[in-house]
Amino acid sequence: MKSPLIFIVGPTAVGKTEISIRLAQRINAEIVSMDSRQIFRQMDIGTAKPTSEQQHAVPHHLIDCTDVDRPFTAADYQRRADAAIEDICRRKKRPLIVGGAGLYFRVLVDGLFEGPGANGDIRSRLFRELEDQGAAALHNRLRSCDPEAANRIHPNNLVKVIRALEIHELTGKPISSFQQQWTRSDSRYPFRAFGLCVPRDCLYRRVETRVNQMIESGLIEEVKGLLDGGCPRNCVAMQGIGYKEIVGYLDGQQSLDEAIALLKTNTRRFAKRQLTWFRNDPRIQWVELTQYESVHQAVDNLLSQSDVRALKA
């Protein structure tokens, strides 16, 4: 690959989709999604998946990759993203990588850390314990054996919690000790990464607006349809933000107003964690969107960067 990959990253609701589509149209690019939830079929509203019109305007990859009750690992993402990038380049188009999944960013540019392989017996037991004891119990166990990982991994991120516990059982070492193998001196691809940001109060207002729009667009009906279709309540996809809160409402655990308020709170916290992850990577160049009067001006700023300008169609 002669030209660097261009990444557009940032927290949820910051405006990545609109800007990336405008930019892709300007540089003859196709978008490779870097979102850990848009990979699931039938989860459209709660994941803020690009609309059919947006996907028609610019081809998207790694959206609707798997069913909601199937596991999808970081290794799966790396393999599929590599294939999509190769395919796009072979057709003389430009890959534009867009999303807010910090782990996917790391495995794509830095590779997977050399931890032990999966152990089916341990994972099966941990999932049974999850069903019997709940997510909080597993996260508390992780905190006792790997406080660093527990502080970084949200209790509802069941895939990461179980993987961290699995590694500790297999090796007697915390997952954080393996992740230290990641280096930033030898990336898998040449790349430029741009992080989109707005002031915190502005971001939180955007989060509230997005949640309200999701409810108006039919999020409750989407979740009910998944449950009625046989999707397990405790599967990883249904534990994601936007789904577990509505499941709680449908199960009578809280009122709709309480579920919406919880969804807004959880989304704000998620956006904060995304920012913390990306801010810790000095290779990301930040773009403050509120300094521009329009999306068009923000895209023009990105195109003024030498590595991006060289890609302009």
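Residues numbered from 1 in each chain as written. Predicted model: local features only at pLDDT ≥ 70, side-chain atom pairs only at ≥ 80, totals over all residues. Heavy atoms only, no water.

**Focus on the packing of helix α6 (residues 135-145) against helix α8 (residues 158-171)**
Between α6 and α8, the shortest axis-to-axis distance is 10 Å and the interhelical angle comes to 45°. Between α6 and α8, the crossing angle belongs to the class labelled oblique. Once α6 is placed against α8, the crossing between them reads as left-handed. Residue-level inspection shows Ala135, Leu138, His139, Arg141, Leu142 and Cys145 of α6 in contact with α8, the latter providing Leu158, Val161, Ile162, Ala164, Leu165, His168 and Glu169. In terms of residue class, the contact of α6 with α8 is made up of nine nonpolar, two polar and two charged. (Axes fitted to C-alpha atoms, helices over the stretch in contact; angles between N-to-C directions. Helix = DSSP H or I, 4+ residues; strand = E, 2+ residues; numbered from the N terminus. Parallel < 35°, antiparallel > 145°, perpendicular 65-115°, else oblique. Left-handed = near helix turned anticlockwise from the far one by under 90°. Contact = heavy atoms within 4.5 Å. Nonpolar A, V, L, I, M, F, W, Y, C, P; charged D, E, K, R; others polar.)

**Re the environment of Glu208**
Mapped onto the secondary structure, Glu208 falls in helix α10 (residues 200-217). Here Glu208 falls in the partly exposed class, since its relative accessible area comes to 33%. Separated by ten residues in the primary sequence, Glu208 and Gly218 place their C-alpha atoms 16 Å from one another. Ignoring anything within four residues of it in the chain, the contact list for Glu208 reads Lys264 and Arg268. (Buried < 20%, exposed > 50% of the residue type's maximum accessible area, 1.4 Å probe, protein only.)

**Concerning α8**
Here α8 contains 14 residues, and its C-alpha end-to-end distance of 20 Å stays within 8% of the 20 Å for a straight helix at 1.5 Å per residue. Of the residues making up α8, those classed as buried are Leu158, Val161, Ile162, Arg163, Ala164, Leu165, Glu166 and Ile167. (Expected span 1.5 Å × (residues − 1).)

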